[in-house]
Amino acid sequence: MGAGPAGIEAAAALAASGCGVVVFEKNERPLSNITDKACLFPNFESADTVAAQLLAKLSHPNISLQCGHDVSCITSAGTDPAAGWRVDDESFDAVLLATGYTTFNAKRKEELGYGIYPGVHTSLELEQMIRNKEIRNSISNLPKRIVFLQCVGSRDEKTGNHYCSKLCCVTAVKQAIEVKKLLPSVEAYVFYMDLRMWGQHYEELYRTAQQEYGVKFVRGRISEAGGTFDGRVQIKAEDTLLGLPLRMTSDLLVLMVGMESSDGTRRLSTLCDICGDYGFAQSLDPHLRDNLTPRQGLFVAGACKRPMTLTDSVVDGRSAAFAILSAADNK
Amino acid sequence: MFDLFVLPFCIGVLALLVISVVKYWLWISKFDGRQRVVVLRNMLSWKFLPAVWEAVRESLLHWRITKHNVILGYMHRSLAFGWFLLIVVGAVQAILACPDGHPFYVAIFFNYFEPRSPKVVPFAQAPLYAALMDALLLYVLSGLFLAMFKKIWSKPLGMKKTTKHNLTDRVTKAALWSIFPLRLLAEGATSANYHNGGFLVSAVGDLFTAMGFENPVFEYQLWLFYSLALGIFFSLMPFSRYMHIFTEVFLIYFRNLGVTEGHKKTGYSMFEMSACSRCGICIDNCPINRELDISNIQGVYLLQTVRNKDLWHRAEAIANNCMVCGRCSEECPVGVDLATIRRQVRTESNRSVDNPHGYGYLAKVHPFNAIGRVAYFGGCMSRLTPGITEAMEKIFQAAGQPYWYVDKEQSICCGRPLLQQGFIRQADSLRRKNQEMFAQSGATLLVTSCPICYQSFVKEYNLNIPVMHHTEYIKSLIADGRIKVSKGAQSVTYHDPCELGRGCGIYEPPRTVLKSVATLLPIKEEAGKSLCCGFNLGNTTLGVEQQALIRNAALDNLLAPSPDVVATACPMCKKAFARADRAPVMDVAELVAKQLV
Ligand code: SF4
Ligand code: SF4
Ligand code: SF4
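Residues numbered from 1 in each chain as written. Chains lettered and ligands numbered in written order. Predicted model: local features only at pLDDT ≥ 70, side-chain atom pairs only at ≥ 80, totals over all residues. Heavy atoms only, no water.

The next point concerns the domain arrangement of chain A. Residues and elements named next belong to chain A. Domain boundaries in chain A define domain 1 (5-100 + 262-329) and domain 2 (106-258). One C-alpha centre belongs to domain 1, the other to domain 2; they are set 32 Å apart. Contacts between domain 1 and domain 2 engage 16 residues on the former and 24 residues on the latter. Between domain 1 and domain 2 the total buried area reaches about 1600 Å² when both faces are included, carbon and sulfur atoms providing 66% of it. If you sort the residues of domain 1 by the area they bury against domain 2, F41, F44 and Y278 come out on top, with a joint share of 38%. Connecting domain 1 to domain 2 are 2 salt bridges. Residues R131 and D48 are paired through a salt bridge, measuring 3.2 Å at the closest nitrogen-oxygen approach. Of the residues assigned to the side of domain 1 that touches domain 2, the class counts are 10 nonpolar, 2 polar and 4 charged. (Domains from an automatic or database assignment. Contact = heavy atoms within 4.5 Å. Buried area = accessible area lost by both parts, 1.4 Å probe. Salt bridge = Lys/Arg side-chain N within 4 Å of Asp/Glu carboxyl O. Nonpolar A, V, L, I, M, F, W, Y, C, P; charged D, E, K, R; others polar.)

Turning our attention to the interface of chain B and chain A. Listed as interface residues are 16 residues of chain B and, on the opposing side, 18 residues of chain A. Contact between chain B and chain A buries roughly 1400 Å² in total, counting both sides, with carbon and sulfur atoms accounting for 42%. The tally of links from chain B across to chain A stands at 5 salt bridges. Between D581(B) and R108(A) there is a salt bridge, with the nearest N and O atoms lying 3.5 Å from each other. Counting the contacts that link chain B with chain A gives 9 residue pairs in polar contact (both at pLDDT 80 or more). (Polar contact = N/O pair within 3.5 Å; in protein donor to acceptor, adjacent residues only side chain to side chain.)

Attention now moves to the pattern of salt bridges. Enumeration over the complete set of coordinates arrives at 47 salt bridges over all chains. Between K166(A) and D312(A) there is a salt bridge, and its shortest N-O distance comes to 3.7 Å. In this pair, K166(A) is assigned in the loop between β11 (145-152) and α5 (168-182) and D312(A) in helix α8 (residues 310-330), connecting sequence segments 146 residues apart. For K166(A), a relative accessible area of 28% translates into the label partly exposed. The exposure class assigned to D312(A) is partly exposed, which follows from its relative accessible area of 27%. For R416(B), the salt bridge goes to E499(B), with nearest N and O atoms at 2.7 Å. Of this pair, R416(B) sits in helix α21 (residues 416-420) while E499(B) is found in the loop between β5 (491-494) and α25 (501-504), placing the two residues 83 residues apart along the sequence. (Helix = DSSP H or I, 4+ residues; strand = E, 2+ residues; numbered from the N terminus. Buried < 20%, exposed > 50% of the residue type's maximum accessible area, 1.4 Å probe, protein only.)

All names here are of chain A. Ligand 1 sits among Q150, C151, S154, R155, C164, S165, K166, L167, C168, C169, D194 and R196. Of all elements in the fold, only β11 and α5 reach the threshold of two or more residues within the shell around ligand 1. Within the shell around ligand 1, the residues separate by chemical class into 5 nonpolar, 3 polar and 4 charged. (Near = heavy atom within 4 Å.)

Here we come to the side chain of E260(A). All names here are of chain A. Tracing the chain through its elements places E260 in strand β18 (residues 259-261). Overall, E260 belongs to the buried group, its relative accessible area being 8%. A polar contact is formed between the side chain of E260 and the side chain of R108, at a distance of 3.1 Å. The residues touching E260, leaving out its near neighbours within four places in the chain, are Y101, T102, F104, R108, N161, Y163 and F280.

Residues and elements named next belong to chain B. In strand β7 (residues 565-568), alternate side chains face the same way, and those of V565 and A567 on one face and V566 and T568 on the other are all buried. With 3 bridges joining them, β5 and β7 adopt parallel strand pairing. The residue bridging V492 from the neighbouring strand is V565, located in β7. Pairing analysis gives 3 bridges linking β7 to strand β8 (residues 585-587), with the strands arranged parallel. Counted as the bridge partner of V566 is V585 from β8. After leaving β7, the chain enters helix α28 (residues 571-580) and then returns to the sheet as β8, a path that is right-handed. (Pairing = 2+ DSSP bridges. Right-handed = clockwise from strand over helix to strand, strands pointing away.)

Looking now at the sheet that holds strand β15 (residues 233-239) of chain A. Residues and elements named next belong to chain A. Taken in spatial order, the 3 strands of this open sheet run β14-β15-β16, and their pairing is antiparallel. Of all the strands in the sheet, the pair left with one neighbour each is β14 (222-227) and β16 (244-250). Here the strands of the sheet are splayed against their neighbours by 20 degrees on average, with no regard to which way each runs. Where β15 meets β16, 7 bridges bridge the pair, whose relative direction is antiparallel. Its bridge partner being in β16, D239 is matched across the sheet by L244. (Axes fitted to C-alpha atoms, helices over the stretch in contact; angles between N-to-C directions.)

In the vicinity of ligand 2, the contacting residues are C276(B), S277(B), R278(B), C279(B), G280(B), I281(B), C282(B), V300(B), C332(B), P333(B) and V334(B). Of the residues in the shell around ligand 2, the class split is 8 nonpolar, 2 polar and 1 charged.

Laid out in structure tokens, this is it:
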């Protein structure tokens, strides 16, 4: 289920081992969470290139891709747990849930003004501007200042999402650099709780952003955003390192929206009885059996389990394929 | 006309009288200055009349309980009103039967003395009175039967959870419950010996005879037990929940004179607390009970811990774990001012917390000039819901109304959140500053979007200009034709914010406005019975997950008729519902701004 990076990688690995694979994708096209990006962190590789390479893997003759197919029913094929599965009307030996994530709906944090003030955007919308190489403020002028806010809908008790989405920190750093590359004179600020530069080259990227591109990082949350008469955004925040409240006016406020379980993930994992915290699918254990579920023949991979980067999803898809093959061998 | 067995009863009555008088006197002497002035000023005014009517309605007929549940009302009424009539009719009967006068207890033990004392003479309507007294006794007994039934199964009487009583209350109740059956048996035994009494008593007497007790010798013991039960009940009464019977009458009187609770516990609070019958009606519909199954913090237990010094250590935790949503007060048949008593406890336990320098910034807030304009106060909460303030600005502009957005740049909280937590002095410093600024501003009207501020301005402030919640204001704009709106295709359900609805009684204006811009669907629990959104500032104890459960219950109620939009009139409720992400949530002002033509 799901033709994202995890699903595609798993399908390719299984097909290469001689299995017949059907990939169900509810959208009209695979990889919708990659093809909307410009470049990927940390190496600024073009998202389109990576997407094309992944897509190429689907052309294996053992793989049949069914786009626009929103699976409505997954059941075990019989009372015997080894009987296999039925998905809609087809029978399978194994099912892999790779239904991925969706982004947080920023309107749920009304104080940040998304949907109310034209200068407030989500990180996805900024990505689109970067992709089109056209960054404009709300009155279609070149922006002079742009403010990023981290952890929107993540690590937030009020919205009920206590977890860290893992990739918005480095995304903000990446986007700030891209903005500076396109508009060198723009002032870029990133408001953060703490910067989680956990992956390879992330820390270096953060350093580069400060040293080479002059991106300014402010530790503190933005408490509210308001509009100005000329369509800009006025923010109120606290610099928690200086211990001072601050106000700032900016052309753009970019909300780094976190990751949430997608509708498909919620629905299908509930259907299969493996829905865990926050609507993500739950594996058997996070260490050694992270692709297995309590139900025989049902496997999970990628960001349907928890926030995960592209890199991790691909690796996890491959590992799921291995788990499926070993389960088949044991049978 | 005397026998030793009447002594327990007489001693009980005397104890009750003395203790009650002392208690009431002590409480009245502890009224604060303001309360005393109100009592003295209105004591002999016409306000006496509604108090009498209310006392009859509530203390005897139990009207509000009947509205809660008919059977429960019947139970309380038969015990209270039935017993009251037994006393009154019994007294009349004794007067008619003893033309030469009689000691007061004869009315209580009439059937015992009637055949024995030569001073009791037959009178014309004697059989009628005997029948009447028996009918009344039957009436009381039917209530008693229901009370016993309720102990086993309370649901048919409209109650899921009932109060857990302490030992004194249980003993007193046992005494109370045995009074009437003992009376019936005693009178029955007398009837078996002397063939007096009405239809019920003589039936019991015949039964005794039929069972082989010719001239029962235990008659005397039964009268003694009856007297003992009365004596125990009366002497324990001042220390038990049954003190509410008399106290409620006093409370109703004082309340009708205009006495209200103050910031600190006074003698009047004692009246309120003792007027609570510990009926437990406040438990069932409290959202904290309904959704979180926490059933030890509601009014009945709050009052219990405040009344009883030994339980005071529990009072703080109980007082804090409440959203002050007012749902319990809406149901409380006695009308105890639970919110204020809760606040008194909070104040008491916050006494040591002080931050004398915390309000230095007040001096830096500048007065504003709004001469001839409407002052618009969004409130701190609306800072987090810019959709509402934007909508209001649009509406002011559409109406051509010059306005001044008071807290757009600089703002001072209205003080109510502090007040709710019992920080009286701190809230006062904010109130004083705001009041001074409003007075200087020259504004003609104050409109606020936040029901919390609204309640604060209306109840705590003394402003020289009218105050309106924006739903009232919008209603008047539409009525006066100053803005025109079109009716949209969408359907909405309306959530009554606690602070606006139960807090200030504003139920109709938002509904009128909504009906002019959308289709308003009815929901199961609304208006006075509306469910709290869970994120009310009143509670600082519940965790977000717990608040979310309370919110979800309110949302279930709102979403049952599948509306397109959930409408509300409070920024906090809006945020609470929006966070759940289950349906679009809009303020009344936003819906109006969208439908402006
Ligand atoms: S990755 Fe960074 S921005 Fe995203 S949730 Fe974690 S800490 Fe917040
Ligand atoms: S507070 Fe009111 S509802 Fe609650 S037990 Fe007392 S009288 Fe009954
Ligand atoms: S005010 Fe609300 S939360 Fe508090 S006890 Fe009453 S019903 Fe429960």
